[in-house]
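# Architecture and fold: a report
Here's the letter readout for the chains.
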Amino acid sequence: VCFAGGKLLAYEGQVVVLPTGSSFCSPGTCNYGSFSAGPTVDGTKLSPFCVRVDDFHVNYLHTGQAEDFRADLRYQSGADLENNRWRPYQLEVNKPLRTAGDRVYLTGNGYAPTFTVTFPDGKSRTSTVQWQAMDQTTMLSQGATKFDRPGVEDPVQRRQSQIGITGLFAPTASFDGSLLSSKFPDTLDPRVAVDVLRGDLGLDSGGGQSIFEIDRSKVESGQLERVARENLAPGEQVRLDDGTTVRFDGVERYINITVSHDPLQLPLLGFAVAVLLGITASLTIKRRRVWVRAVPVPGDEREGGHTEVEIGGLARTDQAGYGEEFTELATDLLGTSQDASPHSSTVTSVR
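Residues numbered from 1 in each chain as written. Predicted model: local features only at pLDDT ≥ 70, side-chain atom pairs only at ≥ 80, totals over all residues. Heavy atoms only, no water.

### A closer look at unusual backbone geometry
Heads up, the rule is: To qualify as a helix, a DSSP run of H or I must reach at least 4 residues; to qualify as a strand, a run of E must reach at least 2; elements of each kind are numbered from the N terminus. Exposed residues in this analysis have more than 50% of their type's maximum accessible area, buried residues have under 20%, and partly exposed residues fall in between, with area computed by a 1.4 Å probe over protein chains only.
At A100, a residue that is not glycine, the phi angle is positive and equals roughly 55°. For A100, the location among the structural elements is in the loop between β7 (97–99) and β8 (102–118). Despite not being glycine, M139 has its phi angle at roughly 60°, a positive value. Inspection of the secondary structure assignment puts M139 in the loop between β10 (132–133) and β11 (141–147). Classification of M139 by relative accessible area gives buried; the value is 4%.

Put into structure tokens, the structure is as follows:
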């Protein structure tokens, strides 16, 4: 019942946060990157709280294996929302923040490259967008960062001048010729291998699209044209044929946060513990079964009838000593001793 009720009342949301003082609040579903909920949850009465992520720490072994992840954050819920009081908390893997009836988990991390596009008229735009890790061992990542040219009022011209940057990011670069890969997950030598595309990205089409990739159908149809391909280190840039420059400024970390709500979690835990205790008791308690059957046996004219008593026993657990226990129990049930007269009853004991 608790499990089924939890599915009806529970919800779970994921959000990506940059650990540079970025924050998110949970009054509605619009602040989540993805959100799933039970049939009774419409997303209008979520638990109110806010989280601000100040910093993120990762320690790596020399083999590249992550030793631990820690996020320094502040949060507020309840009366703290009215008083604007922030409470510190160190969020770690398997150490969630519990507040306002919700649980906040650290579920992942990655890199968000920063690019600056400067258009021929001197106007520029800077964007930091998370890229998706392809390999959790080396954190080689792929993604797409998209720019809409500012100051262009004509919709046709604006669509034709959008800039898309797609490719690979390596926190510690390793090259096979010009092919970029990564050999360590920390940012010891960050590089990007990018394709710069110009044309219609579909940013103003009104339809949804992935933040991790470019719509390949627009490339195939000619609406997007690749105008440059380059490997860049932080601070380096590539100049396009119309004078537009694309600069790789650096990279920042991002973390994945999962918010989970299940009001029946504690009752479910209680019943699970009760089940385990019951199973443990059934394995430790000696379980015995005993059957007694008394059958009257008629006698002849010289000798009266008698009663034949059969006693059977079964041990449900394999423990030594049941033979002696059964013999004592049979004696107690019959109320006879070993030298009792056989004329009064006949005893058959079967274990």
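From this point, things continue past the structure.
### Looking at a nonpolar patch on the surface
Where we set the bar: By definition, no residue in a patch forms a salt bridge, and every one has over 30% relative accessible area; like charges are joined within 9 Å, nonpolar side chains (Val, Leu, Ile, Met, Phe, Trp, Tyr) within 5 Å. Every accessible area reported is derived by Shrake-Rupley at a probe size of 1.4 Å, with residue values counting cover from the shown protein chains alone. Between Lys or Arg on one side and Asp or Glu on the other, a salt bridge is scored when a side-chain nitrogen of the former is within 4 Å of a carboxyl oxygen of the latter.
Together, L266, L269, V273 and L277 make up a nonpolar patch on the protein surface, roughly 420 Å² of accessible area in all. Looking at the element boundaries, L269 is found in helix α5 (residues 265–284).

### Details of the state of the cysteines
How we decide: Pairs of cysteine sulfur atoms within 2.5 Å are identified as disulfides in what follows.
Enumeration according to the criterion identifies one disulfide in this entry. Disulfide partner of C25: C50, at an S-S distance of 2.0 Å. Of note, the bridge from C25 to C50 carries an S-S torsion of about 105° and is right-handed in sense. With C25 in strand β2 (residues 22–25) and C50 in strand β4 (residues 49–60), this pair connects stretches of sequence that are 25 residues apart. When its relative accessible area of 9% is taken as the criterion, C50 is described as buried. No disulfide involves C30; its sulfur sits 10 Å from that of C25, the nearest cysteine. On the accessibility criterion, C30 (69% relative accessible area) is exposed.

### Let's talk about the sheet that holds strand β6 (residues 87–92)
We apply this condition: Two strands form a pair only when DSSP identifies at least two bridges running between them. Lines fitted to C-alpha atoms define the axes here, with helix axes fitted over just the stretch in contact, and angles between the N-to-C directions of these axes take values from 0 to 180 degrees.
Here we have four strands laid out as an open sheet, ordered β2-β4-β5-β6, and antiparallel in their pairing. Where the open sheet ends on each side, the last strands, each with one partner, are β2 and β6. Each strand of the sheet is rotated relative to its neighbour by a mean of 30°, with strand direction disregarded. Where β4 lies against strand β5 (residues 66–77), eleven bridges are found, and the strand directions are antiparallel. Note on β5: the bridge partner recorded for F56 is A71.

### Observations regarding the side chain of S260
As a reminder, the rule being used: Under the rule applied, a polar contact is a pair of N or O atoms within 3.5 Å (in protein, one hydrogen donor and one hydrogen acceptor; residues adjacent in sequence only if both atoms are side-chain atoms).
With respect to the element layout, S260 can be found in strand β18 (residues 245–261). At 2.8 Å, the side chain of S260 and the side chain of R103 are in polar contact.

### Remarks on helix α6 (residues 322–334)
Helical periodicity: at 3.6 residues per turn, an α-helix aligns residues three or four positions apart in one direction. Which entries qualify depends on this criterion: Helix span, as expected, comes to 1.5 Å for every residue beyond the first. Taking the helix axis as origin, the arc is that swept by the directions to the C-beta atoms.
An ideal rise of 1.5 Å per residue puts 18 Å on 13 residues; α6 measures up with 18 Å between its terminal C-alpha atoms. Those residues of α6 not exposed but buried are Y322, G323, F326 and A330. Along the axis of α6, the buried positions cluster into a sector of 100°, meaning they face one direction only. When the buried face of α6 is taken as reference, the exposed residues oriented beyond 90 degrees from it are E324, E328 and D332. At the exit of α6 stands G335, carrying a positive phi of roughly 65°.

### Examining the nonpolar core
Most often, soluble globular proteins have nonpolar side chains that are buried together. Note the following rule: Take the buried residues of types Ala, Val, Leu, Ile, Met, Phe, Trp, Tyr and Cys, join any two whose side-chain atoms come within 4.5 Å, and each joined set is a nonpolar core.
F115 and I257 are the most contacted members of the largest nonpolar core, which has 43 residues in total. Among the secondary structure elements, those contributing two or more residues to this core are β1 (11–17), β4, β5, β8, β12 (162–170), β15 (191–199), β16 (224–232) and β18.

### Digging into the pairing of strand β13 (residues 173–176)
The side chains of a regular strand alternate, residue by residue, between the two faces of the sheet. Examined bridge by bridge, β13 and strand β14 (residues 179–182) share four bridges and lie antiparallel to one another. Note that in β14 the partner of S174 across the bridge is S181.

### What to know about the pairing of β18
Extensive coverage of β18 is indicated by the burial of twelve of its 17 residues. Two strands pair when backbone bridges link them, and β1 and β18 are joined in this way by seven bridges, in the antiparallel orientation. By the bridge assignment for β18, V15 is matched with I257. For β8 and β18, the ladder comprises 16 bridges, and the chain directions are antiparallel. From the neighbouring strand, T116 faces β18, where its bridge partner is R247. In this structure, strand β17 (residues 237–239) lies alongside β18, joined through three bridges in antiparallel fashion. Counterpart to R239 in the pairing with β18 is T245. Between the antiparallel neighbours β17 and β18 lie five residues, among them G243 with a positive phi of about 95°.

### What about the environment of W291?
Here is the rule: Residue contacts follow a heavy-atom distance rule, with two residues in contact if any of their heavy atoms lie within 4.5 Å.
Secondary-structure assignment places W291 in strand β19 (residues 288–297). W291 has contacts with E310, I311, G312, G313 and L314, leaving out every residue within four places of it along the chain.

### Overview of the pattern of salt bridges
Applying the stated rule across the entire model yields 13 salt bridges. In this structure, the salt-bridge partner of D68 is R70, at a minimum N-O distance of 2.6 Å. Close ionic contact of D121 with R149 constitutes a salt bridge, the shortest N to O distance being 4.0 Å. Here D121 is found in the loop between β8 and β9 (124–128), whereas its partner R149 is found in the loop between β11 and α3 (155–160), with 28 residues between them in sequence. Judged by relative accessible area, which is 44%, D121 ranks as partly exposed. A relative accessible area of 17% places R149 in the buried class. Where salt bridges share partners, they join R198, D241 and D242 into one cluster.

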